[in-house]
Amino acid sequence: MGSKVGAPEKLIVNGKRLDGRKANEMREMEIEVGVIPNADGSAIVTLGGTKVICSVYGPKEVLPRRNLDTEQAFLNCVYGMASFSTSERVRPGPNRRSTEISKVIADALAPAIFMERYAGMEITVIMEIINANAGTRTAAINAASVALADAGIEMRDLVCSIASGKADGTLMLDLFEPEDNFGEVDMPIAILPRTKEITLLQMDGILTKAESKKLIDMSIKACEEIYEIQKKALQKKYATETQQETE
Amino acid sequence: MGEKIHIKDKDIVVPGALLAEGLEYLPSGRAFRDGENIYAATIGLISVKGRVIKVIPLAGKYSPKRGDVIIAKINGFGKFGWNLEIDSPYKIDLNVGEISMNYVDLKNSKLADYFKIGDYVFGEITDISESGYISLSAKRRPYRKLLGGNIIKVGPTKIPRIIGKQGSMIKTLKDLSGCEILIGQNGLAWIKGDAEKEAKVAKAIKLIEKESHLSGLTEKVKAMLEEKN
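Calculation rules
- Residues numbered from 1 in each chain as written.
- Chains lettered and ligands numbered in written order.
- Predicted model: local features only at pLDDT ≥ 70, side-chain atom pairs only at ≥ 80, totals over all residues.
- Helix = DSSP H or I, 4+ residues; strand = E, 2+ residues; numbered from the N terminus.
- Contact = placed C-beta atoms within 7 Å.
- Core = buried A, V, L, I, M, F, W, Y, C linked by C-beta atoms within 7 Å.
- Buried ≥ 20, exposed ≤ 12 C-beta atoms within 10 Å, placed from the backbone.
- Pairing = 2+ DSSP bridges.
- Axes fitted to C-alpha atoms, helices over the stretch in contact; angles between N-to-C directions.
- Domains from an automatic or database assignment.
- pLDDT = per-residue confidence, 0-100.
- Nonpolar A, V, L, I, M, F, W, Y, C, P; charged D, E, K, R; others polar.

Visitor: How do you make sense of the environment of Leu146 of chain B when you look at a structure like this?
Guide: Residue and element names in this part refer to chain B. Tracing the chain through its elements places Leu146 in strand E14 (residues 144–146). Expressed as a C-alpha distance, the spacing of Leu146 and Val121, which sit 25 residues apart in the sequence, is 5.5 Å. Among residues more than four places away in sequence, those in contact with Leu146 are Tyr120, Val121, Phe122 and Trp190.

In C-alpha cells form, the structure reads like this:
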C-alpha cells in the first residue's frame, strides 16, 4: 500500500474517513429522472463525485438482425467513460474494461426485466460516466434501473447497487477515489430490493468469510436506502404529471 | 393468510412496489402476481375496482391489443398487402382483402394504386397471432385511407386525456374547429380542415399533452380555439 505513488499515509484519521464520513456512511446521492427528451427514458445519478447519465431507448426493432432473440429481449447495455471524466484523459471508444463492465451491467439488470415479454425486440441502455470518482459501475446500474422504469419497461423490480470495501483494515461503505485506489478490497454489489436477490457481486482483494458476510449485509442495507431515493425520484417526476388525478 | 392492500386509488407506484397481499385480490393491467402478493410492473397509476387492482402505465410504448383502433403508416409492400409501421416495435400487416368491401383485382391493378409508401391508414387490429403476427382491417367505415390532412405524434399514454371523459375533449376540438380529427390508440392523431384551423388544433393537442395534469384544461382549449375567429 505504502509503496504506491501518491498514496495518503492513512485512509482513516480519528475514526473518520478522509472525506469526513463514518465507515457505514454513503455519499450523498441525487437522482433526476427524464433529463433527455429524445430518449424513451433517462436519468442522471450523482453519488458524491461520481456522475453518470443514462438513457434508455426501446423496446424497438433489433438492429443488426443477428442479435435477434425470439425467446427474450436483446438487452444492449453500453457503458462508457467520457474522455474528461477522470484526471487522466480516457481514450474515447470501447475498451477492454468498458466492454466487460457493459456485460456485467447487462447481467445485473436482466433479472429485473420481464425479458420474455419483449421477445424479438431490443432495449438499449446507454450509460456515460461524466465524472468518475469510484463506484461508476454501481452508479450506472442505479441510473439504468431508474431510466428503464422511466421508459415504461415492464420490470419485476428496480435494481439498487453500491460499492463497498475495506481500507486500512476497516470495512466501509461506498468507497471514494483514494479508498478505491489504495484500499485493500473493493466489492460492488447489486440487488433486487424486493427479494434481496443479488444480481452482481464482484470483488478485488481478500476478505475473510465473516468479513465478506458483514460487508454484504452492510451493502444490502445501503441498497435499501438507495431504493427509497430511486422511488422518490420516479414519483416526483410522475406525480406532477398526474397532479389533478391525485388531488 | 392475511389479505392486505397496501395502496389506494390514484396512487403512483414504481416497478416492484407491493400492491396487495393474499389471493383475494386480482392483478390487472401492468400488475403481476408473484407468489401470493401483487406487485406493479411499470411506473403507473393505481385503479382499484372491487377485488381488481389495475396499474395504468404512465410511460412506455404502445403495445397492440385486438380491437384497438390505430393510425399506421405504409412502410413497404408485401405480395398481397402492405407492411405498416406504427410507433412501436411491433410489425403490422394490411392485406389487400382488408381495404375494401369490394373485390380488389390485382390482375388489373397494382398494390401501389391503392396505397403508396408514406400513406396513412386508419384501421382496427383484428388479430394477433401467437407468433406476434398482427393484422389490420380497414374494410368497414370509419376505417379508411387518410387523404390529406396532418399527422401529429402524441404519446400513447396521453391519448385518454385527448379523448376526454366520454369523448368530451375530442368533441370540443371537433365542434370548435370544424376539423375532422381521428385519434389512433398508438399515439398518432390525424387532423384535416382549413390549414389555419389545423394548426390551431395541433397546437391545442400539444397543449393537452403538455398540461394533461392541470385542471381547467377544457376552458383553456376552448379559449385557444375561439380566439381570432
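Visitor: Looking at this structure, how should I read the nonpolar core?
Guide: Soluble globular proteins tend to pack their nonpolar side chains together in the buried interior. Residues and elements named next belong to chain A. Ranked by internal contacts, the top residues of the largest apolar core, which has 90 residues, are Cys54, Leu109, Val125, Ala143 and Ala144. In terms of residue count, the dominant contributor to this core is helix H2 (residues 136–150) (nine residues). In contact with Cys54, other than residues within four places in its own chain, are Ser42, Ala43, Val125, Ile126, Met127, Ala140, Ala143, Ala144 and Ala147.

Visitor: Even after reading the chapter, I still don't get the sheet that holds strand E3 (residues 29–33) of chain A, so can you show me in this structure?
Guide: Sheet strands pair by backbone hydrogen bonding; their relative direction is either parallel or antiparallel. Residue and element names in this part refer to chain A. Pairing within the open sheet is mixed, and its five strands lie in the order E3-E4-E5-E7-E6. One side of each edge strand has no neighbouring strand; the edge strands of this open sheet are E3 and strand E6 (74–81). Across the sheet, the axes of successive neighbouring strands diverge by a mean angle of 15°, strand direction being ignored. Of the strand pairs in this sheet, strand E5 (residues 50–61) and strand E7 (residues 121–131) are connected by nine bridges, and their pairing is antiparallel. If you follow Glu61 over to E7, its bridge partner there is Met121. Each of E6 and E7 is contacted by helix H1 (residues 96–109), which is oriented at about 135° to E6, the strand it contacts most. Packed on one face of the sheet, H2 meets E3, strand E4 (41–47), E5, E6 and E7 and runs near 150° to E4.

Visitor: How do you make sense of the domain arrangement of chain B when you look at a structure like this?
Guide: It is common to give the size of an interface as the accessible area lost on bringing the parts into contact. Residues and elements named next belong to chain B. According to the domain assignment, chain B contains domain 1 (4–57), domain 2 (69–146) and domain 3 (150–226). The centre of domain 2, based on its C-alpha atoms, is set 26 Å off from the matching centre of domain 3. Across the contact, nine residues belong to domain 2 and nine residues belong to domain 3. Put simply, the parts of the chain that give the side of domain 2 that touches domain 3 at least two residues each are strand E9 (69–77) and strand E12 (120–128). Per-element tally for the side of domain 2 that touches domain 3: the top contributor is E9, with three residues.

Visitor: Just to check I follow, could you spell out the confidence of the model for chain B for this structure?
Guide: Detailed reading of the predicted coordinates is not advisable wherever pLDDT is low. Counting all residues, the mean pLDDT for chain B is 88, and 98% of those residues have values of 70 or more. Confidence estimates for the predicted assembly give a pTM of 0.90 and an ipTM of 0.89.

Visitor: It is not clear to me how the interface of chain B and chain A should be interpreted in this structure. Could you clarify?
Guide: Taken residue by residue, the interface counts 20 residues in chain B and 29 residues in chain A. In terms of residue class, the side of chain B that touches chain A is built from eleven nonpolar, six polar and three charged.

Visitor: What exactly am I supposed to notice about unusual backbone geometry here?
Guide: For residues other than glycine, phi is negative in most cases, and the peptide bonds are mostly trans. In the segment running from Leu63 of chain A into Pro64 of chain A, the intervening peptide bond is cis, with an omega of -5°. Tracing the backbone shows Pro64 of chain A in the loop between E5 and E6. Cis peptide bonds are those with omega within 30 degrees of zero, and the linkage from Arg141 of chain B to Pro142 of chain B qualifies with 5°. By the element assignment, Pro142 of chain B lies in the loop between strand E13 (134–137) and E14.

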